[in-house]
Amino acid sequence: MNNNIEGKVVVITGASSGLGEATARLLSEQGATVALGARRLDRLQSLAGELSHNGGKAMAIVTDVTHPDQVKQLVDTAVQKFGRIDVIINNAGIMPVSPLERLKLDEWDRMIDVNIKGVLYGIAAALPHMQQQKAGHIINVSSVAGHKVGPTFAVYSATKHAVRVISEGLRMEVTPYNIRTTVISPGAVATELPNSITEPDLATNMQQFYEEFAIPADSFARMVVFAMSQPEEVDVNEILFRPTRQEY
Ligand SMILES: NC(=O)c1ccc[n+]([C@@H]2O[C@H](COP(=O)([O-])OP(=O)(O)OC[C@H]3O[C@@H](n4cnc5c(N)ncnc54)[C@H](OP(=O)(O)O)[C@@H]3O)[C@@H](O)[C@H]2O)c1
């Protein structure tokens with residue numbers, strides 16, 4: 001199989017559910033080695049066990065992306081165990097949306113910590129290895145909300161705009177190192193993401209929206225495969241996709 005995926009070592013944050021989990025499955029099926037990070041170690045271990053059982057190579061490490069030392073440990077352990085890191089997918093994220101007037105300052109902080117700083121810590125952990133290798137691919141997860149804003153989405157949307165800005169700045173800086181950068185912005189995809197909404201009225205609305213519109217998580221995984229499987233000289237910088245029926 002010469003799909004430019006087989007044999008690659010891919011670190012995925014937020015791999016315990018949703019987009020990260022689906023991506024780990026598809027990449028493993030296509031011959032990649034996956035290093036899985038998230039806080040729920042039981043879910044990571046069960047996924048790694050399933051992938052190994054099916055003939056893949058996988059490892060799981062408990063990782064809270066708000067702690068730079070834990071993200072570094074995830075990446076360094078993958079490099080020690082598998083010899084290199086070809087791709088990092090900075091995917092961990094939360095979406096506790098609410099109107100600003102409800103003053104959920106703790107949730108604003110949390111979104112900034114996980115969605116922005118978590119991505120930066122992933123870049124910090126992977127970049128030195130990739131610079132040394134003169135090869136690598138950094139994939140960051142933004143959102144349709146990284147392109148548009150709406151009521152209740154101000155802070156989440158700001159974090160996802162930040163991810164796009166960071167990705168573009170990174171892209172320009174890493175060209176001398178032969179490192180590719182991709183930002184992927186999904187619309188509604190069926191995952192546990194709406195569970196992070198704590199305001200009951202908004203949680204109900206979002207659950208209904210997801211039930212009506214969301215598409216399966218392997219849609220995202222296929223976008224990752226598309227970007228990764230291009231020849232190394234081709235850098236897919238940005239992918240925006242939605243359910244066909246989603247107007248927003
Ligand atoms: N689903 C969508 O419609 C959609 C649309 C646009 C963008 N996105 C983005 O896609 C990404 C993945 O979300 P998802 O939809 O797959 O939702 P999900 O099913 O809730 O998955 C989120 C993942 O992030 C992990 N996570 C949360 N906080 C973390 C932390 N502090 N440290 C490490 N991992 C953490 C969770 O694992 P633990 O709880 O085990 O740590 C989980 O694995 C997010 O960045 C999200 O903003 C999703």
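Residues numbered from 1 in each chain as written. Predicted model: local features only at pLDDT ≥ 70, side-chain atom pairs only at ≥ 80, totals over all residues. Heavy atoms only, no water.

Let's talk about helix H5 (residues 154–174)
Under the convention used in this document: Secondary structure elements follow DSSP: runs of H or I no shorter than four residues count as helices, runs of E no shorter than two count as strands, and numbering proceeds from the N terminus. Expected helix span is computed as 1.5 Å times (number of residues minus one). Think of it in three bands: residues with accessible area under 20% of the maximum for their type are buried, residues over 50% are exposed, and the middle band is partly exposed, with areas taken using a 1.4 Å probe on protein chains only. The criterion used for residue contact is that any of the two residues' heavy atoms lie within 4.5 Å.
In this model H5 runs 30 Å from its N-terminal to its C-terminal C-alpha over 21 residues, within 8% of the 30 Å that 1.5 Å per residue would give. Here H5 has its buried residues at Val 155, Tyr 156, Ser 157, Thr 159, Lys 160, Ala 162, Val 163, Ser 167, Leu 170 and Val 174. Looking at the buried positions of H5, the neighbouring elements they touch are helix H4 (105–133), strand S5 (136–141) and strand S6 (179–186).

Structural notes on the side chain of Lys 104
As for its placement among the helices and strands, Lys 104 is situated in the loop between strand S4 (87–90) and H4. Judged by relative accessible area, which is 19%, Lys 104 ranks as buried. Beyond its immediate sequence surroundings of up to four residues, Lys 104 is in contact with Ser 98, Thr 198 and Glu 199.

Quick look at the packing of aromatic side chains
As a reminder, the rule being used: When two rings of Phe, Tyr or Trp (its six-membered ring) have centres within 6.5 Å they constitute a pair, described as stacked for plane angles under 30 degrees, edge-to-face for angles over 60, and tilted for the intermediate range.
Following the criterion strictly, the structure yields 4 aromatic pairs and no others. Aromatic pair Phe 153 and Tyr 156: ring centres 6.0 Å apart, planes at 75°, arrangement edge-to-face. Both residues of the pair, Phe 153 and Tyr 156, belong to the buried class. Centroid distance Phe 209 to Tyr 210: 6.1 Å. Interplanar angle 70°. Geometry classified as edge-to-face. Given the relative accessible area of 13%, Tyr 210 is considered buried.

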